[in-house]
Amino acid sequence: MKALDLKLDKIKDEILKLHEMAKDAMSLCLDAMYGDEEKRRAVSEIEKEADVLNTDVDNDCLMAVALYQPVARDLRFVASIMRMSANYERITDLADKIAKFRVKKRIGEDELRLMQKTLLEMFDVVIEALEGNTESLREKLVEKDDLLDDLYLKVIQKGKEAMKNQDDINDALIAIFSAKHLERSGDILSKNGARIIFIEEGRRVWIK
Amino acid sequence: MAGHATDKIVVRNLNAWYGDFQALKNINLSIKKNTITAILGPSGCGKSTFIRCLNRLHELRSDAKIEGEILLDGKSVFNMDPVEVRRKIGMVFQRPNPFPTMSIYDNVAIGLKLNGVRDKKALDRVVEDSLKKAALWDEVKDKLNMPGTSLSGGQQQRLCIARAIATNPEVILFDEPTSALDPISAVKIEDLLVDLKGNYTVVIVTHNIQQAGRVSDYVAFFWMGELVEFGKTAEVFENPKEELTEAYLTGRIG
Ligand SMILES: Nc1ncnc2c1ncn2[C@@H]1O[C@H](COP(=O)(O)OP(=O)(O)OP(=O)(O)O)[C@@H](O)[C@H]1O
Ligand SMILES: [Mg+2]
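Residues numbered from 1 in each chain as written. Chains lettered and ligands numbered in written order. Predicted model: local features only at pLDDT ≥ 70, side-chain atom pairs only at ≥ 80, totals over all residues. Heavy atoms only, no water.

Draft legend 1. Representation of the overall build of chain B in the model. Tallying secondary structure elements over chain B gives ten helices and ten strands in all. When its C-alpha atoms are laid out on the principal axes, chain B stretches across 55 × 40 × 40 Å. Sorting the 254 residues of chain B into buried and exposed places 50% on the buried side. The contacts in chain B between residues at least 6 apart in sequence include a share of 66% that link residues at least 24 apart. Of the accessible surface of chain B, which amounts to about 11,700 Å², a share of 50% is contributed by carbon and sulfur atoms. Here chain B carries 32 positive and 32 negative side-chain charges, and the mean point of each set is 5 Å from the other. (Helix = DSSP H or I, 4+ residues; strand = E, 2+ residues; numbered from the N terminus. Buried < 20%, exposed > 50% of the residue type's maximum accessible area, 1.4 Å probe, protein only. Contact = heavy atoms within 4.5 Å. Areas by Shrake-Rupley, 256 points an atom, 1.4 Å probe, with all protein chains shown as cover. Lys, Arg positive; Asp, Glu negative; His and termini not counted. Charge placed at Lys NZ, Arg CZ, Asp CG, Glu CD.)

See below:
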């Protein structure tokens, strides 16, 4: 069905775009938090654009369902993309939250940077899957997701220690919140990975 | 097990021919009681032939041949009187085909009359009951003596359904029952199918994939005389096992 294919191609382009936006936001947010005003504005811009694009994707998917009544892979694709799109939008939200923090002291910076790096690697795994290679996607995501969980615990530990010093409580809380947002973003991205497996193979898997 | 759908019709190793041409190849499939099974597949794949085998219409053709087993409630239809098989397994065709010279009333009563029922009260009751089940009663109750052909296409199709119901069948076969109807009439027939499955086992041949999705519990996908895939409608529509089914359902065959 030519008309449906064109619509699905458009939706696919949009989800790839959203993926890139979420990744960009995540790659900028820590520098923003550590004081880079330009990156802070950039993340905020991305967050707003992602909101709009997510609404477009939602609308396109609904229209595809209403007009073409997709089935089989097409149905799995459309239904999953609606979720995935909302998930990417949520990730830009979390990046924006991190970017809006301001710290005096960089508590747990090494761990946070490593969390960010791991998350960006997860984005690459997911994009490869979106482009058709789902081989050991689940395993790769689980491994990185576990690493994020470990690092999150480490940041909590460092934060707790830092809190012994009255003056650092605020920065310690921010470090913990940021780690929480990064860890959460990893979960959400894993869910998108699971969705891609569902689209391609019709299997429902849980990553987490 | 109580509450579980049981097999109403079981088809085993069914082969059917028109002369030398083999139209059905080794079909195996079970149709569950009180469910709607949709038969899907491209033109010429053997859908009509298949359902015509079920009520032994296929073998009426002089060049027809049939092999294999068809069980109705566990008993071979080939060991039953063909007339009895056709009473138990009714059929509704693509084009509404009321008997042109007969009134609405007689179109419904004809099967019973042919079976020797003469009691006017009994006939009245069955006619009313069948027309109600076919969701046509309110539209025709004041003009039962008008010719069946005076009705609209959609009404005629429901009349044919009433006619099929009147002889109290257990299974009703529908061969593209809505393809000649406007969307509103088609929806009425679809609603009716869903109502009917409470009392009957329904098999419907359709070219309308979405219709199969809307009304059926199971789908069977045929391709060049073979059964490619059979399963629960929701499962087949979400995730067909066979690539051919996927290609057909998504309109990418060819
Ligand atoms: N009377 C006949 N004589 C010879 N071949 C026939 C006859 N009727 C049907 N066939 C062939 O048998 C095959 C199956 O026909 P059938 O009518 O069962 O297909 P179908 O799936 O119902 O198609 P459609 O969707 O067009 O109604 C076709 O290839 C057809 O050409
Ligand atoms: Mg046919």
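Draft legend 2. Representation of the site of ligand 1 within the structure. Residue and element names in this part refer to chain B. Near ligand 1, the surroundings consist of 14 residues, among which S43, G44, K47, T49 and H207 are the closest. Measuring from an oxygen atom of ligand 1, one finds a side-chain N or O atom of S43 at 2.4 Å. A distance of 2.7 Å separates an oxygen atom of ligand 1 from a polar side-chain atom of H207. In isolation ligand 1 has 630 Å² of accessible area, and contact with the protein removes 65% of it. Of all elements in the fold, only β2 (21-32) and α1 (47-54) reach the threshold of two or more residues within the shell around ligand 1. Counted by class, the shell around ligand 1 contains five nonpolar, six polar and three charged residues. (Near = heavy atom within 4 Å. Polar contact = N/O pair within 3.5 Å; in protein donor to acceptor, adjacent residues only side chain to side chain. Nonpolar A, V, L, I, M, F, W, Y, C, P; charged D, E, K, R; others polar.)

Draft legend 3. Spotlight on the interface of chain A and chain B. Contact residues are listed per partner, giving 16 residues for chain A and ten residues for chain B. Among the residues chain A hides against chain B, the three largest losses belong to M1, V71 and A72 of chain A. Together they make up 45% of the total. Put simply, chain A and chain B have three salt bridges between them. Of the charged contacts, one joins R204 of chain A and E238 of chain B as a salt bridge, the two residues approaching to 3.1 Å between their closest N and O atoms. On inspection of chain A and its partner chain B, the count reaches nine residue pairs in polar contact (both at pLDDT 80 or more). (Buried area = accessible area lost by both parts, 1.4 Å probe. Salt bridge = Lys/Arg side-chain N within 4 Å of Asp/Glu carboxyl O.)

Draft legend 4. The arrangement of the sheet that holds strand β1 (residues 7-18) of chain B in detail. Residue and element names in this part refer to chain B. Reading across from one edge, β2-β1-β4-β5 is the order of the four strands in this open sheet, with antiparallel pairing throughout. Edge positions in the sheet fall to β2 and β5 (75-76), since each has one partner strand and no second. Bridge analysis of β1 against β2 gives eight bridges, and the strand direction is antiparallel. Looking at β2, one finds that D7 is bridged to K32. Sheet contacts for α1: β1, β2 and β4 (64-72); angle to β1, the most-contacted strand, approximately 120 degrees. (Pairing = 2+ DSSP bridges. Axes fitted to C-alpha atoms, helices over the stretch in contact; angles between N-to-C directions.)

Draft legend 5. Focus on the environment of A162 of chain A. Residues and elements named next belong to chain A. As for its placement among the helices and strands, A162 is situated in helix α5 (residues 137-163). Residue classification places A162 among the buried positions, given a relative accessible area of 16%. Between the C-alpha atoms of A162 and I98, which are 64 residues apart in sequence, the distance is 19 Å. Apart from the residues lying within four places of it in its own chain, the contact partners of A162 are I107, D168 and A172.

Draft legend 6. Seen up close, the packing of aromatic side chains. All names here are of chain B. Applying the stated criterion to the full structure yields three aromatic pairs over all chains. Judged by centre distance (5.8 Å) and plane angle (10 degrees), the ring pair of Y218 and F230 falls under stacked. Here the residue Y218 occupies a position in strand β9 (residues 218-223), and F230 occupies one in strand β10 (residues 226-232), the gap between them amounting to twelve residues. Relative accessible area serves as the criterion here: at 32%, F230 is assigned to the partly exposed category. Between K65 and the ring centre of W17, over which it is positioned, the NZ or CZ distance is 4.3 Å. One cation-aromatic arrangement involves R163 over F99; the distance from NZ or CZ to the ring centre is 4.5 Å. (Phe/Tyr/Trp six-rings, centres within 6.5 Å; stacked < 30°, edge-to-face > 60°. Lys NZ or Arg CZ within 6 Å of the ring centre and 35° of its normal.)

Draft legend 7. The arrangement of the nonpolar core in detail. Core analysis: the largest hydrophobic core is formed by 67 residues, its most contacted members being M26, Y88, L112, M115 and F123 of chain A. Those elements giving two or more residues to this core turn out to be α1 (2-33), α2 (37-68), α3 (72-100), α4 (109-130), α5 and α6 (169-201) of chain A. Looking at this core, the element that brings in the most residues is α1 of chain A, giving 15 residues. Non-local contacts of Y88 of chain A, meaning those with residues more than four positions away in its chain, are made with I15, L18, H19, A22, F123, V126, L130, L189 and N192 of chain A. One finds Y105, L144, L192 and L249 of chain B within the second-largest nonpolar core, a separate group that totals 46 residues. (Core = buried A, V, L, I, M, F, W, Y, C linked by side-chain atoms within 4.5 Å.)

Draft legend 8. Broad picture of helix α7 (residues 183-196) of chain B. With 14 residues, α7 of chain B should cover 20 Å at 1.5 Å per step; its first-to-last C-alpha distance of 20 Å lies within 8% of that length. Elements that come into contact with the buried residues of α7 of chain B comprise β3 (36-40), α4 (120-133), α6 (153-166), β7 (171-175), β8 (201-205) and α8 (209-215) of chain B. (Expected span 1.5 Å × (residues − 1).)

Draft legend 9. Looking closely at the confidence of the model for chain B. On average, chain B scores 93 in pLDDT, and the residues at 70 or more come to 98%. With pTM at 0.85, the complex prediction returns an ipTM value of 0.74. (pLDDT = per-residue confidence, 0-100.)

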